[in-house]
Amino acid sequence: MKSQISAIILGCLLSCGEDISVTQYDKPANDQSNALTSCVLDLLQNQTGELTLLGHQDDLAYGVNWFGESGRSDILESVGQRPSMIGWDLGNIEHGDTTNLDAVPFSFMAAQIKEGFQRGALSTASWHASHPTSGGGSWDVSMDPNLVLRSILPGGVQHETYKKGLDNIITLFKSIAPTPLFFRPFHEMNGNWFWWANADPETFKTLWWFTFDYFQKAGVQNLLWVYSLDSPKNASEILRWYPGNDFVDVIGSDDYKNIESPTQHKAFVSSLESTVLFAQSRKKLAALSETGLEGLDNSTWFTDVLLKGLHANDRTRAISWVLLWRNANAELDRPGHFYAPYDGHPSVNNFRRFAEEPAIVLENDFQNRLASCTETAPGFFTKTQ
Ligand code: BMA
């Protein structure tokens, strides 16, 4: 009861009162971050409320009708510019595989993260890690999550294997340095469909702290940490697994639940507001770290649902980026599993209207802003046409 009352009080502190305007945001959680990474965080902090980056998962790797063709992008082919945030996934890197669970080569990923940055795109990476003991995927929830998490923590039977997986990630992250990356591990921990989810908060936080510390000790200096939940309802839900201000840079919401129809507008806005208010009370950024309408069967979804939600008020405008989920190849992978239009799709015109909104930023629009961090990394930026 007592904890329920404190949760209500906390929820109210974060959402019933005045807006909390952030005058001074936090520095990167990793106090050894390189100058370029700090500069990028600062850049996004300074544009909060004015600009939202448009992102797309695996945008440069494949699309609905192509796979692994250099230079292509479904977003480029529908609106004439690439996104300014590219999503990647590290699933299967823990096994030492050369490609991820969706057949994207890690070498391609690393090259694109670096090249994309030069052109005006940031990158973010999730990690659909395989189940540490069963050999199944991220979605294997057959075991008690606390037991699984304990097995990879210090003293656990899978701890050494877990560290080897982290070492593979570290090699990748160091290979892209100094390019910054928004790392988004253990996402949707408030759901019940991943092996790391729905665990005791202390056990979950211990895993986060261990992982954060492991990367820091290994000298990784180009990460910004994203803590993202499945469409959080309120501040107390966000707080439940929150590892703390010293371990997080961005609060994210993955929202597929509240965006299926324009009639859910209120719930969508309310979840975005909870995310932003929590983030701002902690001096952190907020992101819509995954979203999209699978199969896009509503051809005005981008303006009627997404834009209306993002531009509902000053709070929702403080979302730093929105990441549309992947456009799986229809022939080789999953037909109908796409979230951004591709050339010829009926929602292209509506998507163009969305992308032309002055507050929505794509790669070309973002290039000069990103290049303002040039002097922090002498010799790193190259001139692009
Ligand atoms: C899920 C689906 C899967 C995919 C996984 C990792 O949401 O798109 O098909 O393998 O993400 O990208």
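Above this text you will find the structure in question.
Residues numbered from 1 in each chain as written. Predicted model: local features only at pLDDT ≥ 70, side-chain atom pairs only at ≥ 80, totals over all residues.

1. Thoughts on the pairing of strand β5 (residues 122–126)
- Burial analysis of β5 places 5 of its 5 residues in the buried class, the great majority of the element.
- On β5, burial covers both faces: L122, T124 and S126 on one face and S123 and A125 on the other are all buried.
- Where strand β4 (residues 85–89) lies against β5, 5 bridges are found, and the strand directions are parallel. Bridging across to β5, I86 finds its partner in S123.
- Read as a crossover between parallel neighbours, the route from β4 over helix α4 (residues 106–119) to β5 is right-handed.
- Note that β5 and strand β6 (residues 181–184) share 3 bridges and pair parallel. Note that in β6 the partner of S126 across the bridge is R184. (Buried ≥ 20, exposed ≤ 12 C-beta atoms within 10 Å, placed from the backbone. Helix = DSSP H or I, 4+ residues; strand = E, 2+ residues; numbered from the N terminus. Pairing = 2+ DSSP bridges. Right-handed = clockwise from strand over helix to strand, strands pointing away.)

2. Topic: the packing of helix α10 (residues 301–310) against helix α11 (residues 348–355)
- For the pair α10 and α11, the least separation of the axes is 8 Å and the interaxial angle reads 35°. Residue-level contacts link F302, T303, L306 and L307 of α10 to N350, F351, R353 and F354 of α11.
- Residue composition of the contact of α10 with α11, grouped by class: 5 nonpolar, 2 polar and 1 charged. (Axes fitted to C-alpha atoms, helices over the stretch in contact; angles between N-to-C directions. Contact = placed C-beta atoms within 7 Å. Nonpolar A, V, L, I, M, F, W, Y, C, P; charged D, E, K, R; others polar.)

3. Considerations on unusual backbone geometry
- For the bond from A177 to P178, the omega torsion is 5°, close enough to zero to count as cis.
- Relative to the helices and strands, P178 resides in the loop between α6 (159–176) and β6.
- Even without being glycine, D58 reaches a positive phi, approximately 55°.
- Considering the arrangement of structural elements, one finds D58 in the loop between β1 (52–57) and β2 (62–63).
- With phi around 50°, F186 is a residue other than glycine that occupies positive phi space.
- With respect to the element layout, F186 can be found in the loop between β6 and α7 (201–217).

4. Re the environment of D304
- Within the secondary structure, D304 is located in helix α10.
- Residue class for D304 comes out partly exposed when judged on the 16 C-beta atoms lying within 10 Å of it.
- Separated by 252 residues in sequence, D304 and T52 place their C-alpha atoms 17 Å apart.

5. Description of the environment of E363
- Note that E363 resides in helix α12 (residues 363–371).
- On the neighbour-count criterion, E363 (24 C-beta atoms within 10 Å) is buried.
- Taking the C-alpha atoms as reference points, E363 and F117, 246 residues apart in sequence, are found 9.1 Å from one another.
- If we skip the residues at most four places from it in the chain, E363 touches Q81, R82, P83, S84, R119, G120 and A121.

6. Looking at α10
- All of the buried residues along α10 are W301, F302, V305, L306, G309 and L310. The buried residues of α10 occupy an angular sector of 115° when projected down its axis, which confines them to one face.
- On the buried face of α10, the contacting elements are β1, α9 (265–281), β10 (319–324) and α11. (Arc of directions from axis to C-beta.)

7. Here we look at α12
- All of the buried residues along α12 are E363, F366 and L370. All buried residues of α12 lie within an arc of 65° about the axis, which places them on one face of the element.
- Structurally, α12 contributes buried residues whose contacts are with β1, α4 and β11 (360–361).

8. Side note on the pairing of strand β7 (residues 223–230)
- Counting buried positions over the 8 residues of β7 gives 8, a clear majority of the element.
- Sheet topology note: the β6/β7 ladder contains 3 bridges and is parallel. By the bridge assignment, L181 is partnered in β7 with L223.
- For the crossover from β6 across α7 to β7, the handedness is right-handed.
- Relative to strand β8 (residues 250–255), β7 runs parallel, the two being bridged by 5 bridges. Residue pairing in the sheet places S228 in a bridge with G252 of β8.
- At this point the chain moves from β7, through helix α8 (residues 235–240), to the parallel β8, and the crossover so formed is right-handed.

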